[in-house]
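Coordinate analysis (summary)
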Amino acid sequence: MKKILFLLAIITITNTVAQIETVDLSYYLPTDVTYNQSIPKPKDIIKHEVGEWHVTHDKLTQYMMALAESSERITIEDRGTTYEGRPLLLLTITSPSNHANIETIRKNHLNLTSKDGGNMEISNMPIVVQQGFSIHGNEPSGSNAALAVAYYLAAAQGPKIDELLKNVIILFDPSYNPDGLQRFSYWANMHKSKNINPDPNDREYDEVWPGGRTNHYWFDMNRDWLPVQLPESRVRIETFHKWMPNILTDHHEMGTNSSFFFQPGIPSRTHPLTPQQNQDLTGEIGKYHAKALDKIGSFYYTEEDYDDFYYGKGSTFPDVNGSIGILFEQASSRGHAQESDNGVLTFPFTIHNQFTAALSTLDAAVGMRTKILKYQQQFYKDAFSQASKGGAIVFGDEKDPSKAFELAQILQRHGIKFHEIKDDFSSSGKNYKKGTSYIIPKNQRQHRLINAMFEKRTTFQDSLFYDISAWTFPLAFNLDYDKNASLNNAGAEISELKRNAPKLVTTSQYAYLMEWHDYYTPKALNMILSKGLRASVGMAPFTSGGTKYDYGTIMIPVKNQDLSPEEIGELLRQISEETKVTITPVTTGSTMGIDLGSNDFRAIEMPKVALLVGDGMNPYDAGEIWHLFDQRYDMLITKLDVNTLNRTDLSRYTDIIMPTTWGSGLGKNEAEKIKDWVKNGGTLIGYKNAGRFFDSNELLKIDFKTRKDTATAISFEQRGDYRGAQVIGGAIFETKIDRSHPIAFGYKNETLPTFRNSTLFMEADKNSYNNPIQYTSNPLMSGYISQPNLEDLKNTAMFKMGNLGRGEVIYFTDNTNFRAFWFGTNKLLMNAVFFGNEM
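Residues numbered from 1 in each chain as written. Predicted model: local features only at pLDDT ≥ 70, side-chain atom pairs only at ≥ 80, totals over all residues. Heavy atoms only, no water.

A few words now on the overall build of the protein chain. Broken down by element type, the protein chain carries 23 helices and 35 strands. A compact globule built from 839 residues would reach a C-alpha radius of gyration of about 28 Å, and the protein chain, at 29 Å, matches this within 12%. With respect to the principal axes defined by its C-alpha atoms, the protein chain has extents near 85 × 70 × 60 Å. Burial status across the protein chain gives 61% buried among its 839 residues. (Helix = DSSP H or I, 4+ residues; strand = E, 2+ residues; numbered from the N terminus. Rg over C-alpha atoms; globule rule 2.2 N^0.38 Å. Buried < 20%, exposed > 50% of the residue type's maximum accessible area, 1.4 Å probe, protein only.)

What follows is the structure, given as structure tokens:
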């Protein structure tokens, strides 16, 4: 019997290999239509069959270009480039007659979302479907399926395809993540054997760090639909708001031992701002998917996984914009074929399922066209009804116009209208000044999206979340705001957003002062130091020339510099103009408070920063730090691979940053080398799990709280939910800060909202001055946390610093750079870098 089973297994694997080697386009294509032979097939352009190799992004681009050139159903648009210079393509696919009238169709469709859109006739209006593939680069079946889907839409002939193209405008994005797709295809293809080996232990199925999931800076781009901080996201969101599609699909992959998932997700995990009809229509569309997958014999499931809560995901963002977002998750072969609990999973099979779901979406769009268009009408009719109550939201920062400007940019990208403020005013104890504040009328089309971005929520139907549970934007930006401001304070609507230029820097023969409040002051200081100028930081407030200067003010003396006074003046003018940071010339060192010659002005060293990357380091957190230095502040940062750390001369660096860890990464030898470097004067900065490494290797003594949970009256079936409810998936908490401590320089308020997604609770130091950032006794501001975790968090420390030899070790329990949109805490890391040796 064992011999028979063994032979059957061998036969199965052999047949699988044969299938991969002989599969052609007909494996995917429906047979209920004919095909135009003048349209090039993928193999004609990319020189291999779909699924034979993993398509590289350059070949994917070549094929899409060839289709657009050969088919009158397709136009193609190059909307920009990724960080690595790859094109961000969009194909618009519909009938030639629709193309001839495309702009009129678009404007009419947009009118559905206007105040009068509820009265429009929609019986002959096309439905708009946005289809996107492989936002995670190492989930490649989506983009590879895009080859076959695009061919089908260009080449299929007959009444069925004619009806589809007449009634649907398809916005087709073949690769949401070109850089990640290219990285993964290179990996999978370089390890492909002539005889496909499905052994999961083969190197083909185990990518090296950081993997192909992310973009150039290692961001998970499927979390950026709402923050819109990445170039790929910005063009995607621009397309969305340009068209306001009715359905948006997002093709993903999941674990190899799964089957195929389509939404709806778990009903109790839907955001309350999403109408129930959205979920009902998603379920009805799901019947089309089920029918199509049944037809090809593929297993699937729905409503048992994932959620529709965080609006920053591709399948959830549409839900707060009157559209229907749909997530597809296909079990991943992670290469060309891999053994699984369901047999050998081949790459062509995964592509076939994605192809099938893409077409079943279009079938649903045709079959449910008027119903879905009416839903969009009603969504905005209801939104305008809710918005008619009026009112306004004001936000800003009288000391930091740059952060307010960055949030205003996000609003503008989402089509949210806002105004400058008419005159300076105060509300709820906060000051709002012209040029540093904005006001948002609530009575507008994007009323629901505004609520989603500005709300604080602490009660939930479910305690489990696939992603974060809070993202309140003014808290993320650490801005003052009032959700109940008077619209009487509104000035002119802003149609062209511009950063206000600071007062022109005039030449001083004595010194210059730069307050540390503005978001871009680290960039300005780095530019100053990189030119060889000396600069110092003020450790206490003072008043000069009638202006009050806060903790952390930067002073640039004129004397004893390598540049002449005139050259210094010109350089600082250029820096101020580029960064929009105010730099003020002064003529005397006499002040009210510390004088400019005081020992309380401490010299600042030009930082040379390294970032630990590679095995064991969290690539998301590492990428956020790299991006912050490189893109925001134009600061050099060296990425040190932990695998070569023992051979690296660390004396070159003033600071080393250790992101949170995944697994081991660093051993005893590396720990000792880092310890010696710190003792010799280096500043080591760590995040989250790095604290355990610091503590266990005697770099910094940290007292973490411990608690043992005991499950009472929890069944075996409920155990997963019970454990999941103890996770902090991502929420916002209030800390109190000591503004006199260098880690808090540049902050004007006594409290600071922070983001937390871990259960690391650090006991506060017995000396209060060693707790410059400490959670309050009532810390929850927005999001979910279990009651036991909330009790553990109260009054704990978020920051700790200790001396080791001539150096310092600095530790944050939480990520200060989360997903590139947590602007409010970015300065904490910059303070650690520039002022670490003053702590």
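Quick look at helix α19 (residues 668-679) now. Counting along an α-helix, one turn takes 3.6 residues, and residues three or four places apart therefore face a common direction. Between its first and last C-alpha, α19 extends 16 Å over 12 residues, near the 16 Å set by a 1.5 Å rise per residue. Residues of α19 that are buried: E670, A671, I674, K675, W677 and V678. The buried residues of α19 occupy one face: seen down the axis, they fall within an arc of 160°. Facing away from the buried surface of α19 by more than 90 degrees, the exposed residues are K668 and N669. Packing partners of the buried residues in α19 comprise β27 (609-613), β29 (655-658), β30 (683-687), α20 (690-696), β34 (799-804) and β35 (807-812). (Expected span 1.5 Å × (residues − 1). Arc of directions from axis to C-beta. Contact = heavy atoms within 4.5 Å.)

Another aspect to go through is the sheet that holds strand β21 (residues 542-544). The strand order across the open sheet built from 3 strands is β22-β21-β25, with neighbouring strands paired in antiparallel fashion. Unpaired on one side and paired on the other, β22 (547-549) and β25 (592-593) mark the two borders of the sheet. With 2 bridges connecting them, β21 and β25 associate as antiparallel partners. Residue pairing in the sheet places F542 in a bridge with G593 of β25. (Pairing = 2+ DSSP bridges.)

So, on to the packing of helix α10 (residues 276-296) against helix α11 (residues 347-367). For the pair α10 and α11, the least separation of the axes is 8 Å and the interaxial angle reads 135°. By the angle between their axes, α10 is oblique relative to α11. Both α10 and α11 take part in a crossing whose hand is right-handed. Across the interface between the two elements, I285, Y288, H289, A292, L293 and I296 from α10 touch H352, N353, T356, A357, S360, T361, D363, A364 and G367 from α11. Its residues assigned to classes, the contact of α10 with α11 shows 7 nonpolar, 7 polar and 1 charged. (Axes fitted to C-alpha atoms, helices over the stretch in contact; angles between N-to-C directions. Parallel < 35°, antiparallel > 145°, perpendicular 65-115°, else oblique. Left-handed = near helix turned anticlockwise from the far one by under 90°. Nonpolar A, V, L, I, M, F, W, Y, C, P; charged D, E, K, R; others polar.)

An ideal rise of 1.5 Å per residue puts 20 Å on 14 residues; helix α18 (residues 619-632) measures up with 19 Å between its terminal C-alpha atoms. For α18, the buried fraction is high: 11 of the 14 residues fall into the buried class. Regarding α18, the residues found buried are P619, D621, A622, G623, E624, I625, W626, H627, L628, F629 and R632. Looking at the buried positions of α18, the neighbouring elements they touch are α16 (521-530), β27, β28 (637-641), β29, β30 and α23 (826-835). Backbone nitrogen of Y620 and a side-chain oxygen of the N-cap are separated by 2.8 Å at the start of α18; the cap is N618. Positive backbone phi, at 50°, marks D634, one or two positions downstream of α18. (Polar contact = N/O pair within 3.5 Å; in protein donor to acceptor, adjacent residues only side chain to side chain.)

As for its position among the elements, E72 is in the loop between α3 (57-70) and β2 (74-81). C-alpha separation for the pair E72 and P502, spaced 430 residues apart in sequence, amounts to 52 Å.

With that out of the way, let us pick up the sheet that holds strand β20 (residues 536-538). As summarised here, the arrangement of the 5 strands in space is β24-β19-β23-β20-β26, forming an open sheet in which the pairing is antiparallel. Either end of the sheet is taken by a strand with one partner, and the two such strands are β24 (584-586) and β26 (601-603). When the angles between neighbouring strand axes are averaged without regard to direction, this sheet yields 30°. Where β20 meets β26, 3 bridges bridge the pair, whose relative direction is antiparallel. Within β26, the position partnered with G538 by the bridge is F601.

Before going further, it helps to spend a moment on the environment of P126. Locating P126 in the fold gives a position in the loop between α5 (102-111) and β4 (127-133). In this structure the C-alpha to C-alpha distance between P126 and S323, which are 197 residues apart in sequence, comes to 15 Å.

Contact geometry of α10 with helix α12 (residues 369-387) gives a least axis separation of 11 Å together with a crossing angle of 165°. As judged from the angle between their axes, α10 and α12 are roughly antiparallel. Crossing of α10 against α12: the hand is left-handed. Judged by residue contacts, Q277, N278, L281, E284 and I285 of α10 engage K371, I372 and Y375 from α12.

So, about the packing of aromatic side chains. Applying the stated rule across the entire model yields 57 aromatic pairs. Here F733 and Y775 contribute two aromatic rings whose centre-to-centre distance is 6.3 Å and whose plane-to-plane angle is 85°, an arrangement assigned as edge-to-face. With F733 in strand β31 (residues 731-737) and Y775 in strand β33 (residues 773-782), the pair connects residues that are 42 residues apart, well separated along the chain. The burial state of F733 is the same as that of Y775; both residues are buried. The ring centre of W53 lies 4.0 Å from the NZ or CZ of K192, which sits over that ring. (Phe/Tyr/Trp six-rings, centres within 6.5 Å; stacked < 30°, edge-to-face > 60°. Lys NZ or Arg CZ within 6 Å of the ring centre and 35° of its normal.)

A few words now on the pattern of salt bridges. Considering all chains together, one arrives at 33 salt bridges under this definition. Between E578 and K523 there is a salt bridge whose closest N-O contact spans 3.6 Å. Residue E578 is found in helix α17 (residues 565-579), and its partner K523 is found in helix α16; the two are separated by 55 residues along the sequence. Classification of K523 as buried rests on a relative accessible area of 12%. With a closest N to O distance of 3.0 Å, E791 and K794 form a salt bridge. (Salt bridge = Lys/Arg side-chain N within 4 Å of Asp/Glu carboxyl O.)

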